Amino acid sequence: MDLNHGKCWNSPKDSWKNILLLAYQSLGVVYGDLSISPLYVYKSTFAEDIQHSDTNEEIYGALSFVFWTLTLIPLFKYVFIVLRADDNGEGGTFALYSLICRHAKVSLLPNRQLADESLSTYKLEHPPESKSSSKVKLMLEKYKALHTALLILVLLGTCMVIGDGLLTPVISDSLSNLSYQHLKFLPIADAVIPITCFILVCLFALQHYGTHRVGFFFAPIVLTWLLCISVLGLYNIFRWNRNVYQALSPYYMFKFLKKTRISGWMSLGGILLCITGSEAMFADLGHFSYAAIQIAFTFLVYPALILAYMGQAAYLSHHHQSAYQISFYVSVPDCVRWPVLVVAILASVVGSQAIISGTFSIINQSQSLGCFPRVKVVHTSEKIHGQIYIPEINWILMILCIAVTIGFRDTKHMGNASGLAVMTVMLVTTCLTSLAIILCWHKPPIVALLFLIFFGSIELLYFSASLTKFTEGAWLPILLALFLMTIMFVWHYATIKKYEYDLHNKVSLEWLLALGPSLGIARVPGIGLVFTDLTSGIPANFSRFVTNLPAFHRILVFVCVKSVPVPFVPPAERYLVGRVGPAAHRSYRCIVRYGYRDVHQDIDSFESELVDKLADFVKYDWCQAHGANPGIEDDFSRSNESSECRLAVIGTVAFSGAPAYEIQETVGPASVSVDFPTVESITDVTEMEPMGPLERRVRFAIDEESEADNSQLEIEMQLREELEDLYQAQQAGTAFILGHSHVRAKQGSSVFKRVAINFAYNFLRRNCRGPDVVLKVPPVSLLEVGMVYVV
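Keep in mind that this is a model prediction, so the values were computed, not measured. (Residues numbered from 1 in each chain as written. Predicted model: local features only at pLDDT ≥ 70, side-chain atom pairs only at ≥ 80, totals over all residues. Heavy atoms only, no water.)

Caption draft 1: Focus on the overall build of the protein. Scanning the protein from terminus to terminus reveals 25 helices and 11 strands. When each of the 791 residues of the protein is scored for burial, the buried share is 60%. Sequence-distant contacts, at least 24 apart, represent 84% of the contacts inside the protein between residues at least 6 apart. Summed over all atoms, the accessible surface of the protein reaches about 31200 Å², with 62% contributed by carbon and sulfur. (Helix = DSSP H or I, 4+ residues; strand = E, 2+ residues; numbered from the N terminus. Buried < 20%, exposed > 50% of the residue type's maximum accessible area, 1.4 Å probe, protein only. Contact = heavy atoms within 4.5 Å. Areas by Shrake-Rupley, 256 points an atom, 1.4 Å probe, with all protein chains shown as cover.)

Structure (C-alpha cells):
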C-alpha cells in the first residue's frame, strides 16, 4: 500500500517539475491575499493614530516592523516550523488537533477503536518519547476539562478562519482599490459598492470549477502582480532613497514606539495587515505540498513583498504627505499608473481565493470529526484529494460578504475586523503547534515553551492593538466566532450524547439469535444494510424495526461508516468485516473507515464493493476456522461467543497472486472507546498490528485453485452455499435501514442543555443534509426507522 496516500508530492512519479508546477498553482490560491497587502498597509498604519513627519522616523519604523513581522511570522514560523506539523500532508487547525489526538488520548470523538491506531496513516515516525514530554502527555490525558478546553480552543481557531473567509474577500477585492481617495473624481467612484458586489458574485461563482482550474487561471495574475511590485520597489529605491535598507534594523522599531508611544502601539493594527493570508499557507497545505508552498514563498513572494514595502518607504521618505495622501498608487509613476491599477484590481480579486479554499478545507475537516453539521463536499480533483468545494458554504459566504460590503463601506473598519480574526487564528496555531512539538515531535517542553513565548508574545502585541479597535469593526469576527462556536459545540455535544444513548440501549446478540419463525419473524430475500454508529452490539433502531415490521432480510449487515482522525485511510485498510452470530445466521458486521479528506463512494460502487468484501471474508473465515490454510495455527477456532469480538481487515493488496487478508487477535478484549468513560464495558479486539505480548498477527493468502482434500468437501459445500446465498441476496436487492432520529433532553436537565438539544440541535438537524443524502442512498431502497433519543 502507499503509505503516502494523499501526498501527491511524495509519490515516486512526482519530480521537481511537478513540484514547481504546484508552486506555480499555489500563487493563485495561497498567496493572493498576502501579495496584495502593500495596497493598504501603510495607508492603514498612518490612517489616524500617527502622522508621517519630516524626520522619517515613523515611516522607517513602520518599514522595520513590516520587515521583521514578515520575516518572523510567515517565513520562520509558518514556512520553516508550522508547515512541518502537517497531518500526513494536511494542514489547518483541525489537522493539528487530529495529530495531537492521535499522540495523546484527548479526543472527544465517539466510536474509537484500538484498530484505528494501527492504520498506516495514523502515526508518523518520530524519535522516542522523553520523560518530560510524557509527563506533559499524562497531565493532558488525566483531566477531562483539558480535553474540552483543547476542543474549544480548536473551535475558536476554526471559527476565526471562517470569519476571515468572510472578511478577506471584501477587503481584498476592488473596494480596497476603488475607494482610494485619488479616484474620487472618477465617474466610477459612486459605483464602488455595486462593482464590488458584482466582482464578489463572479468570484464565488468560479469556485465550483475547483482549486486546480482556479489556480491555473489566477496564478498568472498573481505572478504578474509580484513582478510588478518588485520592479516598482526597485525603481523607487534607486530613484528616491538608496539608504532605505537601514530601516531594516530593529533599532528603528524601538525609535518608532518611543516617539509615537500609545499611538504607535495602536497603529500596529494596520501593520499586522502585512501578514494577512499567512495562515492560508497552512490551511491550504492539502491542496498543494510543503515543498511547493515553501519554494513559492521563499524565492518569490517574500522577496517581492520586501522590495515593495521598501520602495514605498523610499518614496514616502522624500514626499512627506499627510495620511490622507499616503497610498500605494502615489509611489507609482504616472506613465504606468493605469496598467498597475488594472493588475492591482485583478490581484485583489484573486486575493480572496486563498482564504476561501482554506475555509472549505477546515469545514470539511471539522465535519468529518463530528464538529459541524453535515454539508455536501465535492472533490474537484482526482489527483489531489485535498481540493474540494462546498456549495452551501460557498453561497452563504457570498451572501455574507455582500452584506458586509454594503453594511461597512469603510475599508479601515474592515481591516480592523480582519486583523483581529487573523491574529486570533495565529495565536491558536501557535498554542497547538507548541503541543505538537512536545507530543508529536517529542522535543523537550522547554523548546515548546520558547516557541510559545517568542511567537506568542509577538502575536499578542498585535492582538492587543487589534482589540482596541473593538468598536471600529473588530466586533464582527468576535460576534461571528461566538455564533459559529455555539453551532459547532452544540453539534459535537449532541453527537456524543446520541452515541452514548445508542451504546446504553443496544440489544444483546442472544436477542438477535432468538428471532425466528417461533416468534413470527420471517427472513425475506435480499440484503439488509443496517447503518449504525456502533462498532459492536445490535443497535436499538434495528430492534425498533423488527418490532414494527416482523421480518428482516436473509443477509443482514450492520454497517458502521465512521471517520477516523487521519486525513486518509488506504483502501486496503478501510474494511473491517466480521460475523454476528454463527455462520448459519448470515449476519455480518462491517466497519468502513474514512479519513477526513477521503472521497466517499457512490452508493452503487459501495454496495458492490461491500458484497465483494463480504465474499472475501466468508472465504477467509471458513479457511481459518477449519485449518484449510497451513499458515493458520490450530488455535484459530471460531465460536458463536467470540465471533462478535473478532473482525478481519479485508484488503485489496495482492499477495502471492491471491487476495490478501490480515487478522490479529488478542487473548482479552479491549475497549472500543479509549478513555471514554461511558463505553468501558464494550469489547472489541480487532487490531491490525502487534500492540502487546498477547497479540499475534497472521498474514496469508487463499489459494482458490488448490484441489480440496476429501475431508474438506463438506466444508467446501458449506462455503459455496454461503457464497450462493450472498450473491442471490444481492440479485434480490438491497435495502438501506437508517435511523430517523429526534433528540430530546431528559426531564430535569438544565436550561442550557434543553435549549441546546431541544431547539438548537434539532433545528440544525432538520435544516442540514440528512444521513441518507450524505450516504447517497436511493429513496426507493431507503427504510427509515423513527427513533427518539432522550439524552
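Caption draft 2: Spotlight on the nonpolar core. Formed by 162 residues in total, the largest nonpolar core has its most connected members in Y31, Y42 and W225. Per element, the largest residue contribution to this core is 17 residues, and it comes from helix α13 (residues 290-316). Ignoring sequence-local partners within four residues, the contact set of W225 consists of S35, I36, L39, F328, V340, V343, A344 and A347. If you look at the next biggest cluster of nonpolar residues, it comprises 33 residues, including I527, V577, L726 and F736. (Core = buried A, V, L, I, M, F, W, Y, C linked by side-chain atoms within 4.5 Å.)

Caption draft 3: Region of the structure containing the packing of helix α4 (residues 57-79) against helix α18 (residues 445-467). Relative orientation of the contacting elements α4 and α18 amounts to 135 degrees, with a least axis distance of 12 Å. It follows from the interaxial angle that α4 and α18 lie oblique. Crossing angle aside, the handedness with which α4 passes α18 is left-handed. Residue-level inspection shows F65, T69, L72, I73, F76 and K77 of α4 in contact with α18, the latter providing F451, F454, F455, I458, E459 and Y462. Here the contact of α4 with α18 is composed, by residue class, of nine nonpolar, one polar and two charged. (Axes fitted to C-alpha atoms, helices over the stretch in contact; angles between N-to-C directions. Parallel < 35°, antiparallel > 145°, perpendicular 65-115°, else oblique. Left-handed = near helix turned anticlockwise from the far one by under 90°. Nonpolar A, V, L, I, M, F, W, Y, C, P; charged D, E, K, R; others polar.)

Caption draft 4: Representation of the packing of aromatic side chains within the structure. Counting across every chain of the model gives 20 aromatic pairs. A centroid spacing of 5.5 Å and a plane angle of 75 degrees characterise the contact between Y60 and Y252, whose relative ring orientation is edge-to-face. Note that Y60 is positioned in helix α4 and Y252 in helix α11 (residues 251-271), a separation of 192 residues in sequence. Side by side, Y60 and Y252 carry an identical accessibility label, which is buried. Centre to centre, the rings of F531 and F736 are 6.2 Å apart; their planes meet at 25 degrees, and the pair counts as stacked. (Phe/Tyr/Trp six-rings, centres within 6.5 Å; stacked < 30°, edge-to-face > 60°.)

Caption draft 5: Inspection of the pairing of strand β10 (residues 734-744) at higher detail. By the bridge criterion, four bridges tie strand β3 (residues 522-531) to β10 in an arrangement that is parallel. Pairing of I527 across the sheet is with T734, part of β10. Looking at chain direction, β10 and strand β11 (residues 782-790) are connected through nine bridges and run parallel. Note on β11: the bridge partner recorded for H742 is V788. (Pairing = 2+ DSSP bridges.)

Caption draft 6: Region of the structure containing unusual backbone geometry. One non-glycine residue, H442, adopts positive backbone phi at about 60 degrees. Mapped onto the elements, H442 comes out in the loop between α17 (411-439) and α18. Phi at R586 takes a positive value of approximately 60 degrees, unusual for a residue other than glycine. Topologically, R586 is positioned in the loop between β5 (575-579) and β6 (587-594).

Caption draft 7: Broad picture of the side chain of K753. Relative to the helices and strands, K753 resides in helix α24 (residues 751-767). Comment: no salt bridge for buried K753; closest opposite-charge side chain is E500, at 7.6 Å. When residues no more than four places from it in sequence are discounted, the contact partners of K753 are Y493, A745, N758 and V791. (Lys, Arg positive; Asp, Glu negative; His and termini not counted. Salt bridge = Lys/Arg side-chain N within 4 Å of Asp/Glu carboxyl O.)

Caption draft 8: Just a nonpolar patch on the surface, in detail. On the surface, I446, V447, L449, L450, L452 and I453 cluster together into a nonpolar patch covering about 520 Å² of accessible area. As for its placement among the helices and strands, L452 is situated in helix α18. (Patch = residues over 30% accessible without salt bridge, like charges linked within 9 Å, V, L, I, M, F, W, Y side chains within 5 Å.)

Caption draft 9: Structural detail: the environment of N416. Tracing the backbone through its elements, the reader meets N416 in helix α17. Judged by its relative accessible area of 7%, N416 is buried. Not counting residues within four places of it along the chain, the set of residues in contact with N416 comprises K469, E472 and A474.

Caption draft 10: Layout of the side chain of T158. One can find T158 in helix α7 (residues 144-172). Dropping the residues within four chain positions of it, T158 is found in contact with T93, F94, I362 and M488.

Caption draft 11: Layout of the pattern of salt bridges. Across all of its chains, the model carries nine salt bridges by this definition. Notably, a salt bridge pairs K77 with E459, separated by 2.5 Å at the nearest N-O pair. Of the two residues, K77 is situated in helix α4 and E459 in helix α18; the sequence distance between them amounts to 382 residues. Of the two residues examined, K77 and E459, each falls in the buried class. The partner of R102 in a salt bridge is D87, with the nearest N and O atoms 2.7 Å apart. In this pair, R102 is assigned in helix α5 (residues 93-103) and D87 in the loop between α4 and α5, connecting sequence segments 15 residues apart. For R102, a relative accessible area of 3% corresponds to the buried category.

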